[in-house]
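# Residue-level structural notes
If you want the building blocks of each chain, they are given just below.
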Amino acid sequence: MGKIKKILNSKWTFAAAGVLCLGMAVSRFLKYELCEDAVYQPQNISSIEQVIKEQRDFLEKVPPFKAGSFQSEQKAVEIFKTQIKSKLENFLEIPETKTPPIHSDFPDPMNLFFACAYGAMGLLMAYEALKKLKKPSQEMKRTGMHIIPFFGCSLLSVYFFLNIPGFISDNSYNGISKAVSISYDNNEFFKIDTPEKLSMALTHEITHYLQDKYHFKNNSTLSEGHAIGVARNLGRMLYKETGNPDFLAVQKAEQRYFVSVYLEMCKKFGVKPNKDLIKGIEPVNIGGHSLGAALFALKEAQFGDKIYRDVLRGDYSELFGSSENGNNQK
Ligand SMILES: [Zn+2]
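All values derive from a computational prediction rather than experimental measurement.

### Let's talk about the overall build of the protein chain
The helix and strand tally for the protein chain stands at 15 helices and three strands. Put simply, the protein chain has 330 residues, and 33% of those count as buried. A sequence separation of at least 24 residues applies to 76% of the contacts in the protein chain between residues at least 6 apart.

Below, the structure is given as structure tokens:
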């Protein structure tokens, strides 16, 4: 016990933890930056205008979405299994795949476990940080390095807390339990209140499961862009087949992703945005979802929907110009 305490109090332990956190943050930033470089190119301004126009024209002809019926989540699972699953496999050109466990009534136990464990670790690290600031150990006092363990603990505490929402967010895929969680959602960004809308959120999460199965690159911007693009294509297929506009509901929210990236692009290259094109579409803060969605939509417009199959097999040449760039990011 004494030994463990000694290790926990050592400045080297915390310096190592700090370097690890920093390393993870830098690697995440570099992966994001790679996608930014591919999207923020002057020639992409007119391309993304085309993407926004095409989607706008398409959605304008679609009848209004249905009002919330909040039927059982199982209805969405049924829609996925009977109407979407085989189309998804055909679209991605993959063999028939077993559907992963889908949690709806009760959260994925693994998600709950991780949320609690991260919460507990976050609290413990916050407590340790305070303790180290107030009562530095003998060694720390002697070397005057007590500030390193303090920052180490604080950083770890923030890291653990920041990870909690990912485990308890409503619609998610857990890479450890290999299970999907779905639930209706009433948020203002995207209302998921009918089984058809929920089946599209489920398609997005199942795409994450397939990415995992096919060893997709460990890059959240790419995996979100890919899942959004796949679900958009499937949504359009289902709308065409059934005439039910709810399969397209998520695409209303995606318009906001594209517009946000477009406005950022205009700002970067000093171009005046086309106000008529983006009228009535509220921008959002740009993050992995919006940047990834824009990257895949731009490349889909250029190379067609084969990009979704290519990246699933590890070929990133269309996204980044050369397969080497893509392979470097793991
Ligand atoms: Zn996602």
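Read on, since the account is not over.
### Digging into the packing of helix H3 (residues 44-60) against helix H10 (residues 249-269)
Angle between the axes and distance between the axes: these two values describe a pair of packed helices. Across the interface, H3 lies against H10 with an axial gap of 10 Å and an inter-helix angle of 155 degrees. Here H3 lies roughly antiparallel to H10, going by the angle between them. As for the relative orientation of H3 and H10, their crossing is left-handed in sense. In this structure, H3 contributes Asn44, Ile45, Ile48, Glu49, Val51, Ile52, Gln55, Arg56 and Leu59 to the contact, and H10 contributes Gln251, Lys252, Gln255, Phe258, Val259, Val261, Tyr262, Met265, Cys266 and Phe269.

### Structural notes on the nonpolar core
Ile48, Leu202, Phe258, Val261, Tyr262, Ala294 and Leu295 are the most contacted members of the largest nonpolar core, which has 57 residues in total. In terms of residues, this core owes the most to one element, H10, which gives eight residues. In terms of nonpolar packing, the next biggest core, distinct from the first, is built from five residues, Met125, Phe150, Cys153 and Leu156 among them.

### Things to note about helix H5 (residues 109-134)
Given 3.6 residues per turn, any residue in an α-helix points the same way as the ones three and four places further on. Its 26 residues place the ends of H5 37 Å apart at the C-alpha level, agreeing with the 38 Å of an ideal helix rising 1.5 Å per residue. For H5, the full list of buried residues reads Asn111, Met125, Glu128, Ala129 and Lys132.

### Topic: the sheet that holds strand S3 (residues 179-181)
Reading across from one edge, S1-S3-S2 is the order of the three strands in this open sheet, with mixed pairing throughout. Looking at which strands have only one partner, the edges of the open sheet turn out to be strand S1 (102-103) and strand S2 (172-174).

### Observations concerning the packing of helix H9 (residues 220-242) against H10
Axis separation between H9 and H10 bottoms out at 10 Å; the angle between their running directions is 135 degrees. When the interaxial angle is binned, H9 and H10 end up oblique. For the pair H9 and H10, the crossing hand works out as left-handed. For the pair H9 and H10, contact is made by Ile228, Ala231, Arg232 and Gly235 and by Val250, Gln251 and Glu254, respectively. Tallied by class, residues from the contact of H9 with H10 come to three nonpolar, two polar and two charged.

### So, unusual backbone geometry
One non-glycine residue, Glu93, lies in the positive phi region at around 50 degrees. Tracing the backbone shows Glu93 in the loop between helix H4 (73-92) and S1. On the basis of neighbour count, Glu93 is assigned to the exposed category, with 11 C-beta atoms found within 10 Å. In the Ramachandran plot, Lys178 falls in the positive-phi region, its phi being about 55 degrees despite a non-glycine side chain. Along the chain, the position of Lys178 falls in the loop between S2 and S3.

### Here's the deal with the environment of Ile52
Position of Ile52 among the secondary structure elements: in helix H3. Classification of Ile52 as buried rests on a count of 21 C-beta atoms within 10 Å. For the pair Ile52 and Ile278, spaced 226 residues apart in sequence, the C-alpha separation works out to 7.9 Å. Ignoring any residue separated from it by four or fewer positions in sequence, one finds Ile52 in contact with Gln255, Phe258, Val259, Tyr262, Leu277 and Ile278.

### Thoughts on H10
For H10, with 21 residues, the first-to-last C-alpha span of 32 Å sits near the 30 Å given by 1.5 Å per residue. Among the residues of H10, those classed as buried are Ala249, Val250, Gln251, Glu254, Tyr257, Phe258, Val259, Ser260, Val261, Tyr262 and Met265. One or two positions beyond H10, positive phi appears at Gly270, with a value near 60 degrees.

### Remarks on the environment of Ser172
Following the sequence through the fold, Ser172 ends up in strand S2. The exposure class assigned to Ser172 is buried, which follows from the 23 C-beta atoms found within 10 Å. Residues Ser172 and Ala201, 29 residues apart in the sequence, show an inter-C-alpha distance of 8.9 Å. Discounting chain neighbours no more than four positions away, the residues touching Ser172 are Ser181 and Glu205.

### Focus: the environment of Phe70
With respect to the helices and strands, Phe70 occurs in the loop between H3 and H4. Assessed through the 12 C-beta atoms surrounding it within 10 Å, Phe70 is described here as exposed. Sequence separation between Phe70 and Leu198 is 128 residues, and the spatial gap between their C-alpha atoms is 9.6 Å. In this structure, Phe70 is in contact with Tyr184 and Asp193, ignoring residues within four places of it in sequence.

### Some remarks on the confidence of the model for the protein chain
When pLDDT is averaged along the protein chain, the result is 85, and 85% of the positions lie at 70 or above. Here residues 323-330 is a poorly scored stretch, pLDDT under 50, and it has 18 contacts once near neighbours within four places are set aside; other chains count.

Each value, and the rule that gives it
Residues numbered from 1 in each chain as written. Predicted model: local features only at pLDDT ≥ 70, side-chain atom pairs only at ≥ 80, totals over all residues. Helix = DSSP H or I, 4+ residues; strand = E, 2+ residues; numbered from the N terminus. Buried ≥ 20, exposed ≤ 12 C-beta atoms within 10 Å, placed from the backbone. Contact = placed C-beta atoms within 7 Å. Axes fitted to C-alpha atoms, helices over the stretch in contact; angles between N-to-C directions. Parallel < 35°, antiparallel > 145°, perpendicular 65-115°, else oblique. Left-handed = near helix turned anticlockwise from the far one by under 90°. Core = buried A, V, L, I, M, F, W, Y, C linked by C-beta atoms within 7 Å. Expected span 1.5 Å × (residues − 1). Pairing = 2+ DSSP bridges. Nonpolar A, V, L, I, M, F, W, Y, C, P; charged D, E, K, R; others polar. pLDDT = per-residue confidence, 0-100.

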